[in-house]
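Spelled out from the first residue to the last, the chains are:
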Amino acid sequence: KPSHTSRSMIWKEAIRRKVNCQCNVDFDLLAHMSSGYSNGQIVEIVNGVLTHDRLRNLASTPLSEHDFAPKLFSEEQFDPYVEFEFRRQWNGSKPKGDTAPKKTN
């Protein structure tokens, strides 16, 4: 799972790829709100929010972190148990130093 700094950079880069202008978005706040999310989940949220219609309306309604909150909070958070199981199966055994986190369900 990416660090706070990494999530901030992921948000910034994913938004920059869709919006070719300076936007007044608090990337630090988005990174904080997305704690526990994977890189792919953040990119999916950006793509889900920055639709063709939303991009057309940027001139009249500037982009802000508030645009992402509804989609961010409706997204299922990253489950460390799922990551542990994936890595265990990928490596064929339990990764060194790792203990299984509690299942969230």
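About the cut-offs
In every chain, residue numbers begin from 1 and rise along the written sequence. Only residues with pLDDT of at least 70 get local features here, since the model is predicted, and only at 80 or more are side-chain atom pairs given and counted; chain-wide, interface and lining totals rely on the full set of residues. Side-chain descriptors were evaluated using all non-hydrogen atoms of the structure, hydrogens and water having been removed beforehand. The secondary structure listing takes helices from DSSP runs of H or I that are at least 4 residues long and strands from runs of E that are at least 2 residues long, numbered from the N terminus. Helix span is expected to be 1.5 Å times the residue number reduced by one. Under the scheme applied here, a residue whose accessible area is under 20% of the maximum for its type counts as buried, over 50% as exposed, and between as partly exposed, the area being computed with a 1.4 Å probe on protein chains only. By definition, the arc is the one covered by directions from the helix axis to the C-beta atoms. In what follows, a contact means two residues having at least one pair of non-hydrogen atoms within 4.5 Å. One speaks of a salt bridge when a side-chain nitrogen belonging to Lys or Arg is within 4 Å of a carboxyl oxygen belonging to Asp or Glu.

J.: Give a detailed account of helix α1 (residues 4–18), specifying residues and quantitative values.
T.: Between its first and last C-alpha atoms α1 spans 22 Å; for 15 residues at 1.5 Å apiece the expected length is 21 Å, and the two agree. Along α1, the residues that are buried comprise Arg-7, Ser-8, Ile-10, Trp-11, Ala-14 and Ile-15. Looking straight down α1, one finds that the buried residues subtend no more than 160° of arc, so they occupy a single side. Residues of α1 that are exposed and angled more than 90 degrees away from the buried face: Thr-5, Met-9, Lys-12 and Arg-17. Next to the buried residues of α1 lie α2 (27–33), α3 (39–49) and α5 (69–74).

J.: Describe the environment of Pro-70, and please don't skip the residues or the numbers.
T.: Checked against the element boundaries, Pro-70 lands in helix α5. Classification of Pro-70 by relative accessible area gives exposed; the value is 59%. For the pair Pro-70 and Val-49, spaced 21 residues apart in sequence, the C-alpha separation works out to 9.3 Å.

J.: Explain the pattern of salt bridges residue by residue, including any values.
T.: Tallying each qualifying case throughout the model produces four salt bridges. Residues Arg-16 and Glu-13 are paired through a salt bridge, measuring 2.6 Å at the closest nitrogen-oxygen approach. Of the two residues, Arg-16 and Glu-13 are both situated in helix α1; the distance of three residues between them amounts to about one turn of the helix. The exposure class of Arg-16 is partly exposed, given its relative accessible area of 48%. Where Arg-54 meets Asp-67, a salt bridge forms, and the shortest distance between an N and an O atom there is 3.2 Å. Highlighted residues: Arg-54 in helix α4 (residues 52–56) and Asp-67 in the loop between α4 and α5, separated in sequence by 13 residues. Overall, the relative accessible area of 12% leaves Arg-54 in the buried class. Several salt bridges converge on common partners, so that one network encompasses Glu-13, Arg-16 and Arg-17.

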